[in-house]
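Structure assessment
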Amino acid sequence: MATDILVAPEVTAFAVPGLPVFEAGDDLAAAIAAAVALREQDVVVVTSKVISRVEGRFVDLGRVVPGARARRLAAKAGKDPRLVELVLRESVAVSRVAPGVIITRHRSGVVGANAGIDQSNARPGGARAGEWVLRLPENPDL
């Protein structure tokens, strides 16, 4: 009796070397194509943060004025009311508020913490001041 053996294709993952910290308006696709020789069957995975940076989705919290709801939720979560205001602007629903986290449904449909707003390494190039955050891409499925 013959047994068919399925052989899975090889999967290799690696970071593309030599890419810069991307800024608003940069040509991400061209930079990736220039950095690595892609083959027809290759799959390129890009973090949402890189897309957000290229789209210029930076916000200086110093320019955000929190509303009453944002101030109430911020007190409950122990978060900056300006950040919570952005979370509310990016969300269609708030599912849960607990110390340190607000679980939301982002307008794109993603359910997660703090509407996906990133506070780490979020300053745009050239910005010398401000408390910067980075929102999710405008259309992550695009």
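Read on for a plain summary of the structure. (Residues numbered from 1 in each chain as written. Predicted model: local features only at pLDDT ≥ 70, side-chain atom pairs only at ≥ 80, totals over all residues. Heavy atoms only, no water.)

Together, Leu38, Val44 and Val46 line one region of the surface with nonpolar side chains, adding up to about 220 Å² of accessible area. The partly exposed category is assigned to Val44, whose relative accessible area is 42%. (Patch = residues over 30% accessible without salt bridge, like charges linked within 9 Å, V, L, I, M, F, W, Y side chains within 5 Å. Areas by Shrake-Rupley, 256 points an atom, 1.4 Å probe, with all protein chains shown as cover. Salt bridge = Lys/Arg side-chain N within 4 Å of Asp/Glu carboxyl O. Buried < 20%, exposed > 50% of the residue type's maximum accessible area, 1.4 Å probe, protein only.)

Residues in a regular strand point their side chains to alternate faces of the sheet. What you see with strand 3 (residues 101–106) is a clean split: Ile102, Thr104 and His106 sit on the buried side and Val101, Ile103 and Arg105 on the side with no burial. Alignment of strand 2 (residues 91–98) against strand 3, held across six bridges, turns out to be antiparallel. If you follow Ser91 over to strand 3, its bridge partner there is His106. Between the antiparallel neighbours strand 2 and strand 3 lie two residues, among them Gly100 with a positive phi of about 90°. Sheet topology places strand 3 next to strand 4 (residues 111–113); three bridges connect them, and they run antiparallel. By the bridge assignment, Thr104 is partnered in strand 4 with Gly112. A loop of four residues connects strand 3 with strand 4, the two strands running antiparallel in sequence, and Gly109 in this loop sits at a positive phi of about 105°. (Helix = DSSP H or I, 4+ residues; strand = E, 2+ residues; numbered from the N terminus. Pairing = 2+ DSSP bridges.)

A few words on helix 3 (residues 68–77). Ala70, Leu73, Ala74 and Ala77 are the residues of helix 3 that are buried. Seen end-on, helix 3 carries its buried residues on one side only, within an arc spanning 105°. Among the exposed residues of helix 3, those pointing more than 90 degrees away from its buried face are Arg72, Ala75 and Lys76. Of the surrounding elements, those touching the buried residues of helix 3 are helix 4 (81–90), strand 2 and strand 3. Downstream of helix 3 by one or two residues, Gly78 has phi in the positive range, about 70°. (Arc of directions from axis to C-beta. Contact = heavy atoms within 4.5 Å.)

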